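Chain and residue survey
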Amino acid sequence: MSWGTELWDQFDNLEKHTQWGIDILEKYIKFVKERTEIELNYAKQLRNLSKKYQPKKNSKEEEEYKYTSCKAFLSTLNEMNDYAGQHEVISENMTSQITVELARYVQELKQERKSHFLEGRKAQQHIETCWKQLETSKRRFERDCKEADRAQQYFEKMDADINVTKADVEKARQQAQIRHQMAEDSKADYSSILQKFNREQHEYYRTHIPNIFQKIQEMEERRILRIGESMKTYAEVDRQVIPIIGKCLDGIVKAADSIDQKNDSQLVIEAYKSGFEPPGDIDFEDYTQPMKRTLSENSLSNSRGEGKSEVKFGGKSKGKLWPFIKKNKLSLKLGATPEDFSNLPPEQRRKKLQQKVDELNKEIQKEMDQRDAITKMKDVYLKNPQMGDPASLDHKLVEVGQNIEKLRLEAQKFESWLAEVEGRLPARSEQARRQSGMYDAQNTPPVNNCAQDRESSPDGSYTEEQSQESEVKVLATDFDDEFDDEEPLPAIGTCRALYTFEGQNEGTISVAEGETLYVIEEDKGDGWTRIRRNEDEEGYVPTSYVEVYLDKNAKGAKTYI
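The written sequence of each chain sets the order in which its residues are numbered from 1. Given that the model is predicted, a residue must reach a pLDDT of at least 70 before its local features are reported, and side-chain atom pairs must reach 80 or more before they are shown or counted; all residues, however, enter totals for whole chains, interfaces and linings. Based on all heavy atoms of the structure, the side-chain values leave hydrogens and waters out of the count.

1. As for the overall build of the chain
Only DSSP runs of H or I covering at least 4 residues are called helices, and only runs of E covering at least 2 are called strands; the numbering of each starts at the N terminus. Looking only at helices and strands, the chain features 13 helices and 7 strands. Each residue's exposure class comes from its accessible area (1.4 Å probe, protein chains only) as a fraction of the maximum for that residue type: buried when under 20%, exposed when over 50%, partly exposed otherwise. Here the chain, with 561 residues, has 34% of them falling under the buried criterion. Considering only intrachain contacts with a sequence separation of at least 6, the fraction spanning at least 24 residues in the chain is 68%. Any two residues whose heavy atoms approach within 4.5 Å are treated as being in contact.

Quick look at the structure:
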């Protein structure tokens, strides 16, 4: 089965068919391209949908997501975001593996088709030229033969006429011979051209056209095979993401299974429990007595009359619930929220106060860590003046110390309110006293003495020394061992910069993302790691900016997994 032998006379139809094949291929490319756009739009819409229903930060919605059903819904939103990512992967893979590749192949196919049909047209033009030459030679031979016949007839007529002179007869005879010779020459030329044309025609139909059509057939079969392979790739791209999409759906199912209705019910109790006891029975008031009626202490009217009395929490308070409710509603209407949350029921007030105390403790600890880091940096400057000016950090220490004191007083205030709500004395709890003692022990020292009055402990914290002897001991031992100018500290490992850090402050060092450096002192809890680029360049960088690889054989090295 060969186009060259079976379709030798269908040049024009083959040209139309191959062009149709290219059009089909371009149509398939357009189809895949539109599919990729649909996938991208679908992924974008899914992401927007997931983002739309995400809880807003620092809003009431964020508090609602403590319930297991809301957590499951949040997990569903996150899984849908990953689900959208897989549709983006489908779009990217179809674009790179199908659309781009087929577009390039179509251009190559058009060039190949053009060259094949150009070669066929040249062969056609050549055989048509040979045919025209044959026709011209044939007509000339026919004309010369007719001229020779007429000349011969004229000579015979002249020779038979007795009135014609001998010279005229001779002239007619010579003209007949010339015409006859011309006819013979035309015959020979016509025969030669005919033989040549037959050879060219045989080559054209038996060799040239079959070869050209065979190449066109192979080209068309490659096109058909290529579009089939692209369809397989189309299906494979979808199949590759099915496991990940399945994991996303499994994540949604797992989130749904994690919903605990009992736990949510308990959270509702914790969220709205007031801490009050239900109101007691209302006593009967006997109006039949002539004496002045007395109102029961537990009656509703008496409760209203004592609206200004202080509400007592923790025990049975008959009739005392109503004034509290009125006060609460009034506060809500005015939009005023007391600092001590006295507008809330006892249980809710206790939770709010406890939350506030925890937040203040975290802020205090954060400020203390910052103070310790600045103090350590100042100690470094004192031992290595070339790294920076110690006095430049004094105002920061003062500012941080003031912040700590302010936060500590604020925490004490809320702790006293919390103790009051919990039915204790105004004095702070044992935990609060211990926390306060920690604040007192780490209070801001005098600025001028901070570097000399502190000692570095293994965990990176600082304690104040009471004697000059201790100060001398610290300066002579710990700091001399830690910051020895004469002998560089040995490297205890390496690190790789995760982000670019511009070391603008004194004592810090700039690093570029991906850069590898030596670690000479690991983070001691202050958030800074000491590194070295070479013998002359060393300094501190934030620990969160580098990934540390400590040498297990190095002295004092910790093991990280």
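2. A short note on the pattern of salt bridges
Salt-bridge detection follows one rule: a side-chain nitrogen of Lys or Arg within 4 Å of a carboxyl oxygen of Asp or Glu. For the structure on display, the rule yields 27 salt bridges. With a shortest N-O distance of 2.4 Å, Lys-378 and Asp-394 are connected by a salt bridge. Separated by 16 residues along the polypeptide, Lys-378 in helix H9 (residues 346–383) and Asp-394 in helix H10 (residues 394–421) bring together distant segments of the chain. On the basis of relative accessibility, which here comes to 5%, the residue Lys-378 falls in the buried class. Here the salt bridges do not stand alone but share partners, grouping Lys-376, Glu-521, Lys-524, Arg-530, Arg-532 and Glu-538 into one network.

3. Focus: the side chain of Ser-50
Inspection of the secondary structure puts Ser-50 in helix H2 (residues 11–52). A distance of 2.8 Å separates a polar side-chain atom of Ser-50 from the backbone oxygen of Leu-77. Within 3.5 Å is the distance limit for a polar contact, defined as a pair of N or O atoms, with the added protein rule that one can donate a hydrogen and the other accept it, and that residues adjacent in sequence qualify only through two side-chain atoms.

4. A closer look at the environment of Ala-103
Residue placement: Ala-103 occurs in helix H4 (residues 68–160). Taking the C-alpha atoms as reference points, Ala-103 and Glu-26, 77 residues apart in sequence, are found 7.7 Å from one another.

5. Remarks on a nonpolar patch on the surface
The patches described consist of residues with a relative accessible area above 30% and no salt bridge, like charges being joined within 9 Å and nonpolar side chains (Val, Leu, Ile, Met, Phe, Trp, Tyr) within 5 Å. For every accessible area listed, the method is Shrake-Rupley and the probe measures 1.4 Å; residues are considered covered only by the protein chains on display. Nonpolar side chains collect at one region of the surface, where Leu-49, Tyr-53 and Phe-73 lie side by side and expose about 280 Å² of accessible area between them. Take Leu-49: it is sitting in helix H2.

6. A look at the nonpolar core
In terms of nonpolar packing, the biggest core is built from 39 residues, with Leu-25, Tyr-28, Met-94, Ile-98, Phe-213 and Ile-216 touching the most fellow members. Contributions of two or more residues to this core are made by H2, H4 and helix H5 (166–257). Of all the elements, H4 adds the most residues to this core, at 15 residues. With sequence-adjacent residues up to four places away left out, Phe-213 is seen in contact with Trp-3, Gly-4, Leu-7, Trp-8, Gln-10, Phe-11 and Leu-14. Core analysis: the next-biggest nonpolar cluster, separate from the first, contains 23 residues, Ile-374, Val-380, Val-400 and Ile-404 among them. In this description, a nonpolar core means a group of buried Ala, Val, Leu, Ile, Met, Phe, Trp, Tyr and Cys residues linked to one another through side-chain atoms lying within 4.5 Å.

7. With respect to H5
With 92 residues, H5 ought to run about 136 Å at 1.5 Å a step, and its terminal C-alpha atoms sit 133 Å apart, in line with that. To obtain the bend at a residue, axes are fitted to the seven residues ending there and to the seven starting there, and the angle between these axes is taken. For H5, the principal kink sits at Tyr-204 and spans about 40 degrees. For a helix, the expected span equals 1.5 Å multiplied by the number of residues minus one.

8. A closer look at the side chain of Thr-375
Note that Thr-375 resides in helix H9. At 2.7 Å, the side chain of Thr-375 and the backbone oxygen of Arg-371 are in polar contact.

9. Section: the packing of H4 against H5
Two numbers describe how H4 lies on H5: the axes approach to 6 Å, and their chain directions differ by 175 degrees. In this view, H4 runs roughly antiparallel relative to H5, as classed from their interaxial angle. As a working rule, the residues Ala, Val, Leu, Ile, Met, Phe, Trp, Tyr, Cys and Pro are called nonpolar, Asp, Glu, Lys and Arg charged, and the rest polar, with Gly in that last group. Per-class residue counts for the contact of H4 with H5 are 45 nonpolar, 20 polar and 23 charged. Note on method: axes are straight lines fitted to C-alpha atoms, helices fitted across the in-contact stretch only, with angles between N-to-C directions ranging 0 to 180 degrees. Each angle gets one of four labels, with under 35 degrees taken as roughly parallel, over 145 as roughly antiparallel, 65 to 115 as roughly perpendicular, and the rest as oblique.

10. Brief notes about the pairing of strand S4 (residues 516–521)
Across 4 bridges, strand S3 (residues 493–497) lies against S4 in antiparallel orientation. Along S4, the bridge assignment pairs Gly-493 with Val-519. DSSP-based pairing: two strands are paired if at least 2 bridges between them are found. Examined bridge by bridge, S4 and strand S5 (residues 528–532) share 3 bridges and lie antiparallel to one another. Opposite Val-519, over in S5, you have Ile-531 as the bridge partner. Here S4 folds back onto S5, and the loop between the two strands holds 6 residues, one of which, Gly-525, carries a positive phi near 105 degrees.

11. As for the packing of aromatic side chains
Any Phe, Tyr or Trp ring, taking Trp's six-membered ring, that has another such ring centre within 6.5 Å forms a pair; planes under 30 degrees apart are called stacked, those over 60 apart edge-to-face, and the others tilted. The full count for this structure, using the stated rule, is 12 aromatic pairs. Ring centres 5.2 Å apart and planes at 85 degrees place the aromatic pair Phe-414 and Trp-417 in the edge-to-face group. Taken together, the residues span about one helical turn, with Phe-414 and Trp-417 both in helix H10 at a distance of 3 residues. In this structure, Phe-414 and Trp-417 share a single accessibility class: buried.

12. Focus on the sheet that holds S5
Reading across the sheet, the 5 strands line up as S6-S5-S4-S3-S7 and stay open at both edges, with antiparallel pairing between neighbours. Two strands in the sheet have a free side with no partner beyond their single neighbour: strand S6 (538–542) and strand S7 (546–550). Here the strands of the sheet are splayed against their neighbours by 40 degrees on average, with no regard to which way each runs.

13. What about the confidence of the model for the chain?
Considering every residue of the chain, the mean pLDDT works out to 78; 78% of them sit at 70 or more. pLDDT is a residue-level measure of predictor confidence that goes from 0 to 100. Looking at the elements of the chain, mean pLDDT is at its lowest for strand S1 (residues 454–456), recorded as 36, and at its highest for H2, recorded as 94. With pLDDT under 50 throughout, residues 292–335 is counted as low confidence; its partners more than four residues away or in other chains account for 47 contacts. In this model residues 555–561 is a low-confidence stretch, pLDDT under 50, and it forms 10 contacts with partners more than four residues away in sequence or in other chains.

14. Section: the environment of Leu-489
Note that Leu-489 resides in the loop between helix H13 (478–482) and S3. For Leu-489, a relative accessible area of 18% puts it in the buried group. Sequence separation of Leu-489 and Ile-520 is 31 residues, and the distance between their C-alpha atoms is 6.1 Å.

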